[in-house]
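# Breakdown of the fold
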Amino acid sequence: SSGSCCRSQGEAIAEGEGEGEGEGEEGEEEEEEEPTSVDVDAACILLGGVTFVVFLFKLVNTLDDDVRRYAWKVISNTISIFMAVLFFQGNNQMLESYARTRGWHENVMVFVHYTHCSIYIIVMLAAVGLNTGVWTDNLDLGVKQWVWADAMFNNFEKAVEKDVEVRAVTDKNFDATRSTAYSKQHKMDLTVEYKRLDYDMRFRKNKAWSTLLAHMGGFAAIAAGGSMQQRAPFRNNPWLCFVPVIVTTLVLQALFQLTNIMRLRLKAEAKRTGRPGLRSRMVHEIVSEAENDIFALAASFNTVQVIRFAIFGELPNKEGTQAWENPPTILTVGSLFGCGVGFMVLSGLLAVWNANMPAGTSHKGAEEGHANKGHTIERSGAEASHEEESDSALDRFMETLVNICAMSSAWCTLFGARAVWLMLPISISALSPDGRILLAVILSVSSFLIVYVLDKIDDRMRGNSKASELVIFSIISGISVLVGFSWESSFDEAVASIASMNEGHQELSKFGLGVLVCFGLGEPWTRFILKRALQLEELKSARDSAEKAAVEKTKGVGVEETQPLLKEATDGGSPRGNHASCLSCF
């Protein structure tokens, strides 16, 4: 019995070992399971996302000031476009869903879209007016005060406390614009700057509101013109399809005339009361630029829609998606890219012509004009009034035309890249989330490489004329649209995919996600990204002023003495130079 017991125990142990080995083999088989497509997507997003973020950190911290400024500008415009499109599309889909339930005719929706666009323009005007304080307060925006100016500390751009002694004031150097003061919080001397803090803060806040609402208004105008293009008889041939572009232009110009009435009244009121008119000039500059963006977005997109209709033989839908009843060929895709190159060349030629126009034109669309907007208050009221009067209709038309051509080039490049993707033997669809993300990454990296090359070209041409800067600025504007819309398309598809989980209320889900994303990104974009982009524009303005002053000093001075003077001006030999060197930490 003992032997049988031992045998039974041994058999039990053997069976247990056999089961353990079987379970181990099954575990090994589970561990060796091949990754699924979801695993591959997650891995690509992880590796690619980290690499791309590190690449951006390197780009925005490069030693080249121009590349750093261009990079921050592209990133700022990209995020602005992304937020504006998500918010607009959420509103627009809710509006169209309501129209379907009410049984509204498609022709009525064209009018609704134009009304939708006008609402964004009115809200933008009201927001700029309220933030500027034209109706609410009498605070003197021209008052200067000492402000902490070291970006490495948390009191940056905060007013210096009243009980803190500024070295320049103590030394009775009342002409100084920069100095040092002892910070009780950080127990050390920090740099301070004498500036119009209230004006700068309101300018940046207005810039944020106007940029977002201008992009929303531009997309609403695109939807209005696109809806008309989809109706008969405009969809029958490319020539008739261009008529909605003209109609949209007339509607927008009529709306802009209404905003111009308000700007003229503000200017007249400031002149009547004897005020310097800082608020009226701020409203004029910001609203004019926003209106140009609205018009350029709508005109460029709908014009490229007509071009695509003529090249491929079919009209894309109002969102730009093409059914591809006629598959793309090398000839058709090459024609679209050729149009993009043609628009970019035309944009550069118009920019050069604008730069060489007779004195009295304002060139507000140039990068220098944008950078100097924060400093226009340095001039007297009479000088500023004369400059606004010189801002003729021709100046604004040329500025807008340059932007239209640059943006049209970006649209041609984006849609041409999608067509090329379809021609390649790639299993991933260009309109799938994976395809959109990959295309956005490729276009972004390519765009930043183009920015680097353009900067090198600009460095070689520097000193010849302002034409090169105007050309570079127009190209950068187009690149911002290209990068912004490539990423917006990816995020929009991601939001749509998540919203599809709520089958009964997809429109409401997409609207809620869009609002949530916008509110989540709005504050960081305004406080850090847009602010940094504007500060770098101020840096360029300060250095340009210093170089100009140094050149004036060199009149009558030998060539061998010219370079030391230029170095003195740009490295800190003047208040402007000190300002530039301090801002270089950005």
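Note that this is a predicted model, so its numbers are computed, not measured.

## A closer look at the side chain of Ser 76
Counting through the fold element by element, Ser 76 comes out in helix 3 (residues 65-102). Sequence-distant contacts of Ser 76, that is, excluding residues within four places in its chain, are made with Trp 525, Ile 529, Leu 530 and Ala 533.

## Structural notes on the state of the cysteines
As enumerated under the stated definition, the model contains 0 disulfides in all. Unpaired in terms of disulfides, Cys 339 finds its nearest cysteine sulfur in Cys 412, a separation of 5.6 Å.

## A look at the packing of helix 4 (residues 106-132) against helix 8 (residues 243-273)
Packed helix pairs are characterised by how far apart their axes lie and by the angle those axes make with each other. Running from N to C, helix 4 and helix 8 cross one another at 25°; their axes reach a closest spacing of 11 Å. With respect to helix 8, the axis of helix 4 lies roughly parallel. Crossing hand, helix 4 versus helix 8: right-handed. For the pair helix 4 and helix 8, contact is made by Tyr 114, Cys 117, Ser 118, Ile 121 and Leu 125 and by Pro 244, Val 247, Thr 248, Val 251, Leu 252, Leu 255, Phe 256, Thr 259 and Met 262, respectively. Class assignment of the residues belonging to the contact of helix 4 with helix 8 gives a composition of 11 nonpolar, 3 polar and no charged.

## Describing helix 6 (residues 197-229)
Owing to its 3.6 residues per turn, the α-helix aligns residues three or four sequence positions apart on the same side. Over its 33 residues, helix 6 extends 48 Å from the first C-alpha to the last, a length consistent with the 48 Å expected when each residue adds 1.5 Å. With 29 of 33 residues buried, helix 6 is to be regarded as a mostly interior element.

## Brief notes about the packing of aromatic side chains
Ring pairs (aromatic) are described by centroid distance and by the angle formed between their planes. Under the criterion given, the structure shown has 11 aromatic pairs. Here the aromatic rings of Trp 146 and Tyr 194 are separated by 5.0 Å at their centres, their planes lie at 40°, and the arrangement is tilted. Within this pair, whereas Trp 146 is found in strand 1 (residues 145-148), its partner Tyr 194 is found in strand 3 (residues 188-195), the two being separated by 48 residues in sequence. Owing to a relative accessible area of 32%, Tyr 194 belongs among the partly exposed residues under this scheme. The interplanar angle of 65° and the centroid separation of 6.2 Å between the aromatic rings of Phe 301 and Phe 415 together place this pair among those described as edge-to-face.

## Some points on the pattern of salt bridges
Taken as a whole and assessed by the stated rule, the structure comprises 15 salt bridges. Among the salt bridges present, the one from Lys 318 reaches Glu 96, with a minimum N-O distance of 2.5 Å. Here Lys 318, found in the loop between helix 9 (278-312) and helix 10 (330-355), pairs with Glu 96, found in helix 3; they are 222 residues apart in sequence, far enough to count as distant. Between Lys 195 and Glu 157 there is a salt bridge, with its nearest N and O atoms 3.4 Å apart. Highlighted residues: Lys 195 in strand 3 and Glu 157 in the loop between strand 1 and helix 5 (167-170), separated in sequence by 38 residues. Considered together, Lys 195 and Glu 157 belong to a single accessibility category, that of buried residues.

How each quantity is defined
Residues numbered from 1 in each chain as written. Predicted model: local features only at pLDDT ≥ 70, side-chain atom pairs only at ≥ 80, totals over all residues. Heavy atoms only, no water. Helix = DSSP H or I, 4+ residues; strand = E, 2+ residues; numbered from the N terminus. Contact = heavy atoms within 4.5 Å. Disulfide = S-S within 2.5 Å. Axes fitted to C-alpha atoms, helices over the stretch in contact; angles between N-to-C directions. Parallel < 35°, antiparallel > 145°, perpendicular 65-115°, else oblique. Left-handed = near helix turned anticlockwise from the far one by under 90°. Nonpolar A, V, L, I, M, F, W, Y, C, P; charged D, E, K, R; others polar. Expected span 1.5 Å × (residues − 1). Buried < 20%, exposed > 50% of the residue type's maximum accessible area, 1.4 Å probe, protein only. Phe/Tyr/Trp six-rings, centres within 6.5 Å; stacked < 30°, edge-to-face > 60°. Salt bridge = Lys/Arg side-chain N within 4 Å of Asp/Glu carboxyl O.

So far we have only geometry, and geometry alone does not tell us how the molecule works.
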